[in-house]
Amino acid sequence: MEKSNNEPIQKVEVNICHINILADFLEVLKKDDYKALRENGYEFEYQNGFLQEWIDDLQNNFCKPLMKYDRDTQIILE
């Protein structure tokens, strides 16, 4: 498989155990009011509500569907 600009399509293997760990990390960040992120340069994003939006998006649109699928997955990057 190749992209239209002749760059090869890349594939990423995503193990379900990694998704579960990511989901847990995201939940810890939320429960701690994003403290680790705020202390590392994301205060503006926190103040403007972006962090909550991004974390919720990762949880709802990435982690949850993959956890429901409950299998190691290959993601194709185009």
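To be clear, the structure that these remarks concern was listed above.
Here is a short report on the structure shown in this document. Keep in mind it's a predicted model, so treat the numbers as computed, not measured.

### Looking at the pattern of salt bridges
Here's step 1: Under the defined criterion, the tally for this structure stands at 3 salt bridges.
Here's step 2: Where Arg38 meets Asp33, a salt bridge forms, and the shortest distance between an N and an O atom there is 3.9 Å.
Here's step 3: When its relative accessible area of 24% is taken as the criterion, Arg38 is described as partly exposed.
Here's step 4: Glu39 is the partner of Lys35 in a salt bridge, and the nearest nitrogen-oxygen pair spans 4.0 Å.
Here's step 5: Overall, Glu39 belongs to the exposed group, its relative accessible area being 57%.

### Quick look at the packing of helix H1 (residues 16–31) against helix H4 (residues 50–69)
Here's step 1: Look at H1 against H4: their axes get within 10 Å of each other, and the N-to-C directions meet at 150°. What the angle tells us is that H1 and H4 run roughly antiparallel. For H1 against H4, the interelement crossing comes out left-handed. Between H1 and H4, the contacting residues are Ile16, Ile19, Asn20, Leu22, Ala23, Leu26, Glu27, Leu29 and Lys30 on the first element and Ile55, Asp56, Leu58, Gln59, Phe62, Cys63, Leu66 and Met67 on the second.
Here's step 2: Here the contact of H1 with H4 is built from residues that sort into 12 nonpolar, 2 polar and 3 charged.

The rules behind each value
- Residues numbered from 1 in each chain as written.
- Predicted model: local features only at pLDDT ≥ 70, side-chain atom pairs only at ≥ 80, totals over all residues.
- Heavy atoms only, no water.
- Salt bridge = Lys/Arg side-chain N within 4 Å of Asp/Glu carboxyl O.
- Buried < 20%, exposed > 50% of the residue type's maximum accessible area, 1.4 Å probe, protein only.
- Axes fitted to C-alpha atoms, helices over the stretch in contact; angles between N-to-C directions.
- Helix = DSSP H or I, 4+ residues; strand = E, 2+ residues; numbered from the N terminus.
- Parallel < 35°, antiparallel > 145°, perpendicular 65-115°, else oblique.
- Left-handed = near helix turned anticlockwise from the far one by under 90°.
- Contact = heavy atoms within 4.5 Å.
- Nonpolar A, V, L, I, M, F, W, Y, C, P; charged D, E, K, R; others polar.

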